[in-house]
Amino acid sequence: MELTSRPGRPPGYSAFSLVKHGLLRQGWTPAWRRHELRGSYDVVIIGGGVHGLAAAYYLAVRHGISNVAVLDKGYIGSGGSGRNTAILRSNYLTPEGVRFYERSMELYRGLAADLNFNVMFARRGHLTLAHNDGSLRTMRWRAEVNKLQGVDSDVIGPAEIKRLVPYLDISPRARYPVLGALYHPPGGIIRHDAVVWGYARGADAHGVHIHQDIEVTGIDVANGKVRGVQTSRGPIASPVVLNCTAGWSTLICDMAGVRVPVQTFPLQAAVTEPVRPFLDAVVVSGSLHVYVSQTDRGELVFGASVDEYPSYSMRGSLDFIEGLAGHVLELMPSLARVRLLRQWAGLCDMTPDFSPIMGLTPVEGFLVDIGWGTYGFKAGPVSGEAMAECIASGKPPPIIAGFDLARFAEGRQLGEKGAASVGH
Amino acid sequence: MMLLPCPWCGPRNVSEFRYVSELVPRPDPAAASPGEWRDYLYLRGNQRGWVTERWYHRAGCGQYFLVDRETATDQTRPRQDAR
């Protein structure tokens, strides 16, 4: 592995090293190091989630730009990267969206080998249920768009659904009868923390500084150009600042004087006690606003759509959990005795067209990778790759050209609501 | 559970209401430039802290009203000009 061959850097993992260190119970080194904060960097990335760390990793590995700082006001992966429901898929509605997310899936498929870190990607298959003619029609549309882009995706009937998910109630007596589903075999789940840690370890090994527990309090702009950032640990000079935050993206953009059409909504999720493996596929119901998957440990993870009003509150609510439980039981009545372990909320930055905002802004050197709504985690690798290229070359690569901030002023919105609003 | 002070019905459960929007001043449609109009359509303050919002009491009196809300804690307080 490339990581192993670099002197002075943490050794790569191998089956031999895992057995040796496991038996000796020593020799484990931290996966990334602590560094003194420098007074200046070539690139400052705000937000130590999968997007920020992936951008730093690809900047260092692909473009040789390693004098990079990743700043997080908490610990890395403490925001959306550690709060999502870890579902990966690429069966979107617009050709731009499908191409983009498919590239992300491609990177995810090779990520464990690329990072020398087990990210536990399991291709379980992904089912989006249709409970009415309208959603069935949208799924046929999505399936055809997907196929044109070379993505494995098709509409299947109730009998096939029952074969894939035996515990699903597909009887016509159900309150929301299952008419069909969009089946996306390459979709699946991954360990989201491992993705964050793997990128952090890879970026660190290539010279990137990861600084945790440091809050950005201001962005210095002079003559329309970024000069650096003010932080809780003092100023940092930098000609390039990338905003990779979720939840706080408008507040960070405000510091640079850039206004973005984003509103922050909480999205709630919950997890049950572990049970024996019985659910292979990821099951999503747009009409019931719920998605269900079973982790490798056996817990059932439930997620929902965003709350009905914007908020920065990350507290779960009782009415949410009541509604969620009811909807899950409509899909799988046999879960009635399973107990919930915990619930939480993450912050989702919603844009008017349910597509992200990526690339340059009117302030030179201030870039954004924001507005990730409910679909940011699955786009982490491709976003990092594209933003790294954008920083290195000074212009957005074609794969994200359609996601620019100017599209709202120029009427070029990319409507993804049909595939993204609850579509996990 | 968040309680919203409806100026007609008193404090009620948030599930009775529909969120409408942050209070954004509406430019004069005849005089506004396309840019100003798009800003009005798309841009919101999205502040963390106290904001003034319009809500609709869909499962109650069916009226629109203004209320102040703290967006980090979801505390609310009534406004004098709520109606």
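Scroll up to find the structure this text is about.
Draft legend 1. Summary view of the overall build of chain A. Helix and strand content of chain A: 13 helices and 19 strands. Across its three principal directions, the C-alpha atoms of chain A cover 65 × 60 × 40 Å. Taking all 424 residues of chain A together, 51% fall into the buried category. When contacts within chain A are restricted to residue pairs at least 6 apart in sequence, those whose partners lie at least 24 apart make up 76%.

Draft legend 2. Broad picture of the overall build of chain B. Check the secondary structure of chain B and you find 1 helix and 6 strands. Counting helices and strands in the order they occur from the N terminus, chain B gives β-β-β-α-β-β-β. The proportion of buried residues among the 83 residues of chain B is 13%. Contacts in chain B between residues far apart in sequence, at least 24 positions, make up 49% of those at least 6 positions apart.

Draft legend 3. Looking closely at the interface of chain B and chain A. Across the boundary between the two partners, chain B contributes 14 residues, which contact 19 residues of chain A. In terms of residue count, helix H1 (residues 34-42) of chain B provides more of the side of chain B that touches chain A than any other element does, 3 residues in total. Broken down by class, the residue content of the side of chain B that touches chain A amounts to 5 nonpolar, 5 polar and 4 charged.

Draft legend 4. How the structure looks around the sheet that holds strand S6 (residues 76-78) of chain B. Residues and elements named next belong to chain B. Read from one edge to the other, the open sheet built from 4 strands follows the order S3-S4-S5-S6, with strand pairing classed as antiparallel. Two strands close off the open sheet at either side, each with one partner strand: strand S3 (18-22) and S6. Direction aside, the axes of adjacent strands within the sheet are offset by 40 degrees on average. For strand S5 (residues 64-70) and S6, the ladder comprises 3 bridges, and the chain directions are antiparallel. Across the sheet, the residue bridging to valine 67 is proline 78, located in S6.

Draft legend 5. How the structure looks around the environment of A:Leu288. Residues and elements named next belong to chain A. Structurally, leucine 288 can be placed in the loop between strand S14 (282-285) and strand S15 (290-294). Of the residues examined, leucine 288 has 21 C-beta atoms within 10 Å and is grouped as buried. Along the backbone, leucine 288 and valine 165 are 123 residues apart, and their C-alpha atoms lie at a distance of 17 Å. Setting aside its immediate chain neighbours within four residues, leucine 288 contacts Tyr176, His327, Glu330 and Leu331.

Draft legend 6. Geometry of unusual backbone geometry. Residue and element names in this part refer to chain A. Within the chain, histidine 289 stands out as a residue other than glycine whose phi angle is a positive 55 degrees. Summarising the element assignment, histidine 289 is placed in the loop between S14 and S15. In this structure histidine 289 comes out as partly exposed when scored by C-beta crowding, with 16 C-beta atoms within 10 Å. Here phenylalanine 354, not a glycine, exhibits a phi torsion of approximately 60 degrees, which is positive. Its location among the elements puts phenylalanine 354 in the loop between strand S17 (340-350) and strand S18 (357-360).

Draft legend 7. Quick look at the packing of helix H3 (residues 50-63) of chain A against helix H11 (residues 380-393) of chain A. All names here are of chain A. Put simply, H3 and H11 touch, their axes get as near as 7 Å, and they point 50 degrees apart. It follows that H3 is oblique to H11 by the angle criterion. Crossing angle aside, the handedness with which H3 passes H11 is right-handed. Contacts from Val50, His51, Ala54, Ala55, Tyr57, Tyr58, Leu59, Arg62 and His63 in H3 reach Gly380, Pro381, Ser383, Gly384, Glu385, Met387, Ala388, Ile391 and Ala392 in H11. Across the contact of H3 with H11, the residue classes break down as 11 nonpolar, 5 polar and 2 charged.

How each quantity is defined
Residues numbered from 1 in each chain as written. Chains lettered and ligands numbered in written order. Predicted model: local features only at pLDDT ≥ 70, side-chain atom pairs only at ≥ 80, totals over all residues. Helix = DSSP H or I, 4+ residues; strand = E, 2+ residues; numbered from the N terminus. Buried ≥ 20, exposed ≤ 12 C-beta atoms within 10 Å, placed from the backbone. Contact = placed C-beta atoms within 7 Å. Nonpolar A, V, L, I, M, F, W, Y, C, P; charged D, E, K, R; others polar. Pairing = 2+ DSSP bridges. Axes fitted to C-alpha atoms, helices over the stretch in contact; angles between N-to-C directions. Parallel < 35°, antiparallel > 145°, perpendicular 65-115°, else oblique. Left-handed = near helix turned anticlockwise from the far one by under 90°.

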